[in-house]
Amino acid sequence: MRAHEAGALHAEVAEPPALPLRPPADLDSLAPHVWPATARRGPDGEIRVGGVDLRAVAAEFGTPCYVIDETDFRSRCRRWRTAFEGATVYYAAKALLTLGIARWVADEQLGLDVCTGDELAVALRAGVDPARIVFHGNNKSDAELRTALQAGVGRIVIDAFAELRRLAALGAELGVRPDVLIRVTVGVEAHTHEFIATAHEDQKFGFSLAGGQALAAVTEALGATSLRLVGLHSHIGSQIFDTAGFEVAAHRVVGLLRTIRDQHGIELPELNLGGGVGVAYTADDDPVDVAEFAAQVRAIVERECAAAGLAVPRLAVEPGRAIAGPPVLTVYRVGTVKPVDLGGGFVRTYVSVDGGMSDNIRAALYDAAYTCALANRRAAGEPILARVVGKHCEAGDIVVRDTFVSADIQDGDLLAVPVTGAYCRSLASNYNYLGRPPLVAVRDGRARLLVRRETIDDLLRLDLGDDLNRGECTASEDTPPDTRTHDRAGVRSGAAEPAE
Ligand SMILES: *Cc1c(COP(=O)(O)O)cnc(C)c1O
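Now for a quick tour of the structure.

Rules used throughout
Residues numbered from 1 in each chain as written. Predicted model: local features only at pLDDT ≥ 70, side-chain atom pairs only at ≥ 80, totals over all residues. Heavy atoms only, no water. Axes fitted to C-alpha atoms, helices over the stretch in contact; angles between N-to-C directions. Helix = DSSP H or I, 4+ residues; strand = E, 2+ residues; numbered from the N terminus. Parallel < 35°, antiparallel > 145°, perpendicular 65-115°, else oblique. Left-handed = near helix turned anticlockwise from the far one by under 90°. Contact = heavy atoms within 4.5 Å. Nonpolar A, V, L, I, M, F, W, Y, C, P; charged D, E, K, R; others polar. Expected span 1.5 Å × (residues − 1). Buried < 20%, exposed > 50% of the residue type's maximum accessible area, 1.4 Å probe, protein only. Polar contact = N/O pair within 3.5 Å; in protein donor to acceptor, adjacent residues only side chain to side chain. Salt bridge = Lys/Arg side-chain N within 4 Å of Asp/Glu carboxyl O.

All right, on to the packing of helix H6 (residues 142-151) against helix H7 (residues 161-174) then. Where H6 meets H7, the closest approach of the two axes is 10 Å, and the angle between their N-to-C directions is 45 degrees. Here H6 is positioned oblique relative to H7, judged by the angle of their axes. Here H6 and H7 pass one another in a crossing that is right-handed. Across the interface between the two elements, Asp142, Leu145, Arg146, Leu149 and Gln150 from H6 touch Glu163, Arg166, Leu167, Leu170, Gly171, Glu173 and Leu174 from H7. For the contact of H6 with H7, the per-class residue count stands at 5 nonpolar, 2 polar and 5 charged.

Listed below in structure tokens is the structure:
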């Protein structure tokens, strides 16, 4: 079932869940490969993360609320750094980026991958060393490139011929010579256990290997005196569970390194294989371990380079989800609980929570699977088939499509959904004027706010009303226009706002 603009297809919504979906042996268990590393049940059956009771988090910061296990996040950074010793690990900021997160990443000596000038601005504001930043993006503006050059960003990944020429001109103008990589699309699209390998790739990123585009880009970059070409970049997808797709990608990209050596007499020293390592969203998922992944990737690249007679280039990787996903859970407050008879002996209970597709669009957008558990207490009922839904005016507003919850779940309970660190807050919206939830860091029994909750005042601050028209319309009325705006909107008008 996919959300549809015309509304849900009710026949599909009422479909019994796909088998095999069986009730878990224990509704309260917190599978260690799914939940944050420090998540435990406390004496009242409540979930604690970083030694902090989620009931206390909900009381202090409200719900919905993203809670990040700082210890887990940092130890993932360290595991990647150790597994890829001698290579560069860039954390992919698009998964989850705040000033605090950028500082943790820098503390743990990882680099940062950004793909807009705005992500770059956050990184620089956080004090990240520009030399440790790699700048991606298929549509970088001159202003963004200029900022990156002036900041001294470590690597710029070139995505198109027009960009290559604009960057070369900007480098010449500013008297700098940035280190650049050419992004190569290798015709491999990987996802979970499957990957597709084709000769051509129909997508917006990079230069395709097929037809010699990538080689032509390399040739042009080598000829540009204001650019220093240091390597190639390839990113084959996301939520990948094994290295088979990377193997094909490495084979093809090393093949290009060999062609470059043969044609230009140059061995490019760097190979960035992108991100994409998957995580477990449910207990059934079994993604590859970081150390194992690193060992396999190294072995693959070494073998391919040996076969091509090339020295092994310095590797770089860009994990996003694998670092930011599992350390975060979302705490929701349960509201309406509604059993729906599906026929054929199936009843599905719709459990509504106080957020939804605005704080986690992954189920609606990608059909993503999630799990959940009561966070304020233990389950006291039988497992019942359930679907956790949000409060938006949209039938596709689903958080957990198919799950089991305790039959005694009720209004006021707290529900925790794990693995919401990656691509949840960063894809969050204000649909139905919901403010985006706060991000709370927990560690050693203490909770602190990294990002506060967005309020209706935050949202209305951007909305200038239409004072000009209102002024004209109300010129003959008693009420001054400013006061009317204030009354209507509940906030001061844009014109009355203090200058920043
Ligand atoms: C999205 C992206 C990543 C991170 O992907 P994950 O699946 O989160 O690891 C890394 N590199 C590039 C170029 C990306 O676009």
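Once that is clear, we can look at helix H3 (residues 70-83). Over its 14 residues, H3 extends 20 Å from the first C-alpha to the last, a length consistent with the 20 Å expected when each residue adds 1.5 Å. Listed as buried for H3 are Glu70, Asp72, Phe73, Arg74, Arg76, Cys77, Trp80 and Ala83. Backbone nitrogen of Thr71 and a side-chain oxygen of the N-cap are separated by 3.3 Å at the start of H3; the cap is Asp69.

Under the counting rule described, the total for this entry stands at 30 salt bridges. The salt bridge involving Arg348 is made with Asp402; its shortest N-O contact spans 3.0 Å. Residue Arg348 is located in strand S18 (residues 346-353), and its partner Asp402 is located in strand S21 (residues 398-406); the two are separated by 54 residues in the primary sequence. Arg348 sits in the buried class, given a relative accessible area of 0%. A salt bridge links Asp367 to Arg401; the shortest N-O distance between them is 2.9 Å. Here Asp367, found in the loop between helix H12 (362-366) and strand S19 (373-374), pairs with Arg401, found in strand S21; they are 34 residues apart in sequence, far enough to count as distant. Since its relative accessible area comes to 35%, Asp367 is described here as partly exposed.

Interpretation note: all reported values are geometric properties and have no functional meaning in isolation.
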